[in-house]
Amino acid sequence: MATSGIVTIGALFFIFGFVTWLNGPLITFVKLAFTLDDVNAFLVPMAFYLSYFFLALPASAILKRTGMKQGIAIGLYVMAIGSVLFGQFTTMRIYSGTLAGLFITGAGLSLLQTASNPYVCILGPHESAARRIAVMGICHKLAGVIAPFVFAALVLRGVESFEGDVAKAANSEAREALLDSFAARVHGPYLVMAFLLAVLGLWIARSKLPDVRAARPNEARELPSVFAFPHLWLGVVCLFLYVGVEVMAGDAIGLYGAGFGLPVSATRFFTSYTLFAMLAGYVVGLIVIPRFVSQQRYLAFSGVLGVALAIGAYVTTGYVSVLFIASLGFANAMMWPAIFPLAIRGLGQHTETGSALLIMAISGGALMPYAFGVLKEHVDFQLAYLVLAVPSYLFIVFYGVAGYAAGERDDRLAALP
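In this report, we go over the structure that sits alongside the text. (Residues numbered from 1 in each chain as written. Predicted model: local features only at pLDDT ≥ 70, side-chain atom pairs only at ≥ 80, totals over all residues. Heavy atoms only, no water.)

**Quick notes on the side chain of Q382**
Then step 1. Here Q382 shows up in helix 20 (residues 381-401).
Then step 2. Take Q382: its relative accessible area is 9%, and that puts it in the buried class.
Then step 3. A polar atom in the side chain of Q382 sits 2.7 Å from the backbone oxygen of T316.
Then step 4. The contact partners of Q382, leaving out residues within four places of it in the chain, are Y256, F260, A313, Y314, T316, T317 and S321. (Helix = DSSP H or I, 4+ residues; strand = E, 2+ residues; numbered from the N terminus. Buried < 20%, exposed > 50% of the residue type's maximum accessible area, 1.4 Å probe, protein only. Polar contact = N/O pair within 3.5 Å; in protein donor to acceptor, adjacent residues only side chain to side chain. Contact = heavy atoms within 4.5 Å.)

**Things to note about the packing of helix 14 (residues 270-288) against helix 16 (residues 318-332)**
Then step 1. For the pair helix 14 and helix 16, the least separation of the axes is 6 Å and the interaxial angle reads 40°. Taken together, the axes of helix 14 and helix 16 are oblique relative to one another. Once helix 14 is placed against helix 16, the crossing between them reads as right-handed. Note on element contacts: helix 16 touches helix 14 through Y319, V322, A326, S327, G329, F330 and N332, opposite F270, Y273, T274, A277, M278, A280, G281 and V284.
Then step 2. A per-class count over the contact of helix 14 with helix 16 returns ten nonpolar, five polar and no charged. (Axes fitted to C-alpha atoms, helices over the stretch in contact; angles between N-to-C directions. Parallel < 35°, antiparallel > 145°, perpendicular 65-115°, else oblique. Left-handed = near helix turned anticlockwise from the far one by under 90°. Nonpolar A, V, L, I, M, F, W, Y, C, P; charged D, E, K, R; others polar.)

**Notes on the side chain of R93**
Then step 1. Looking at the secondary structure, you find R93 in the loop between helix 5 (68-91) and helix 6 (95-122).
Then step 2. Engagement of the side chain of R93 in a polar contact is seen with the side chain of E176, the distance being 2.6 Å.
Then step 3. There is a polar contact of 3.2 Å between the side chain of R93 and the side chain of D180.
Then step 4. Apart from the residues lying within four places of it in its own chain, the contact partners of R93 are A33, F34, E176, L179, D180 and A183.

**Some thoughts on the pattern of salt bridges**
Then step 1. Evaluated as defined, the whole model comprises five salt bridges.
Then step 2. In this structure, the salt-bridge partner of D38 is K31, at a minimum N-O distance of 2.6 Å.
Then step 3. On the basis of relative accessible area, K31 is assigned to the partly exposed category, the value being 26%.
Then step 4. In this structure, D180 and R93 form a salt bridge, with 3.2 Å as the shortest nitrogen-oxygen distance. In this pair, D180 sits in helix 9 (residues 172-183) while R93 sits in the loop between helix 5 and helix 6, placing the two residues 87 residues apart along the sequence. (Salt bridge = Lys/Arg side-chain N within 4 Å of Asp/Glu carboxyl O.)

**Here's the deal with the environment of S225**
Then step 1. Here S225 shows up in the loop between helix 10 (187-206) and helix 11 (230-250).
Then step 2. For S225 and Q349, which are 124 residues apart along the polypeptide, the C-alpha to C-alpha distance reads 9.5 Å.

**Some points on the packing of helix 11 against helix 18 (residues 351-360)**
Axes are the key here: two packed helices are described by the angle between their axes and the distance separating the axes.
Then step 1. Interaxial distance between helix 11 and helix 18 falls to 8 Å at its minimum, and their mutual angle equals 25°. What the angle tells us is that helix 11 and helix 18 run roughly parallel. The handedness of the crossing between helix 11 and helix 18 is right-handed. Seen from helix 11, the contacting residues are L232, W233, G235, V236 and L239; seen from helix 18, they are G354, L357 and L358.
Then step 2. A per-class count over the contact of helix 11 with helix 18 returns six nonpolar, two polar and no charged.

**Observations regarding the environment of G373**
Then step 1. The topology assignment puts G373 in helix 19 (residues 364-375).
Then step 2. Taking the relative accessible area as the measure of exposure, G373 reaches 0% and is therefore buried.
Then step 3. Put simply, G373 and A384 are eleven residues apart on the chain and 8.6 Å apart in space, counted from C-alpha to C-alpha.
Then step 4. Excluding anything up to four places from it in sequence, G373 contacts V39 and F42.

**So, the packing of aromatic side chains**
Then step 1. Evaluated as defined, the whole model comprises 21 aromatic pairs.
Then step 2. Ring centres 5.6 Å apart and planes at 75° place the aromatic pair Y256 and F260 in the edge-to-face group.
Then step 3. Since its relative accessible area comes to 1%, Y256 is described here as buried.
Then step 4. The exposure class assigned to F260 is partly exposed, which follows from its relative accessible area of 23%.
Then step 5. An aromatic cluster is defined as three or more aromatic residues linked by ring pairs; in this entry it consists of F42, Y256, F260, F372, F381 and Y385. (Phe/Tyr/Trp six-rings, centres within 6.5 Å; stacked < 30°, edge-to-face > 60°.)

And the structure:
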């Protein structure tokens, strides 16, 4: 893969990360701007990640028609439209419109993800695919580290005094004026982001980035349908659970900390701490995979570590418990880089469809945090986190030990690399 291609795709993953990991501080923001409870605030990741489920297969069809490069450009344009709508409807304090803007932004990302992940996988040996995706993941999570700080500086500044001002407002008109002013803080930043996304899309469309077609380099024997690959379908479940626990560790960590009564001045930065841990996990993964350990064995190890850290969070309290949740970022770091190439291995002409199914599994980021928000209304929030996280990590262990090889004894799959 040419250096220019690595830089270009790395820049795209930086964009993915910046936009995606804004959801954590956005949950805190919409709670204040729209005066929501936790369950309704969790509609932010719900709207964002559900777009992957509904639009990944259409994205696959678009990519087969346009090719990966033009598909990436279209995805950036769609993200720009979503950013404009999000900023406008949030300023108007129309929550349904805010969620629609997030859904459209996620739709653009689903197209980008469906194109870029197999792009990285197929441009090089299968055995080192996890390393290439890990490089992209570093770009993704580095942006995620930065995003909450940028959002806090531009939008959440003075949030503690704002809460007090709203509580002390003389009447409902004064209170609404304060909330309108606070909600409008996102308008300018999101217009700027929309402009930059549109410019980047134009640049990609006119760039010399190779327009690779997945079916040629990822050859497989002719098979009747994508249903002939059990390792893919188990990979879809695995990725669903992985994204769910990743988003819980990143986006829900602020509300998790708030459960201990920790102040907003601290909780608004917790997402960045999780992503710092993920960056450390990527660095370790780059060093040891595949030189010292295979990507599937490292995936199993990561799942075991996830179980241990989730239990550690449950048996501790306060900042120590939050530290365990943030440390899940380290366990989660190499899961996507391992799961994705293992799941699309040998799909050949079904690569775009398989990639789309895996991108649909990103909807785990919509459902599991929302389930956490609902469940903690009825049981202790630490227990709610535990009962969602531990079974998910155990399935990830299974996929790394045996699930990735499902179907290999079938004669039809014997020739897969």
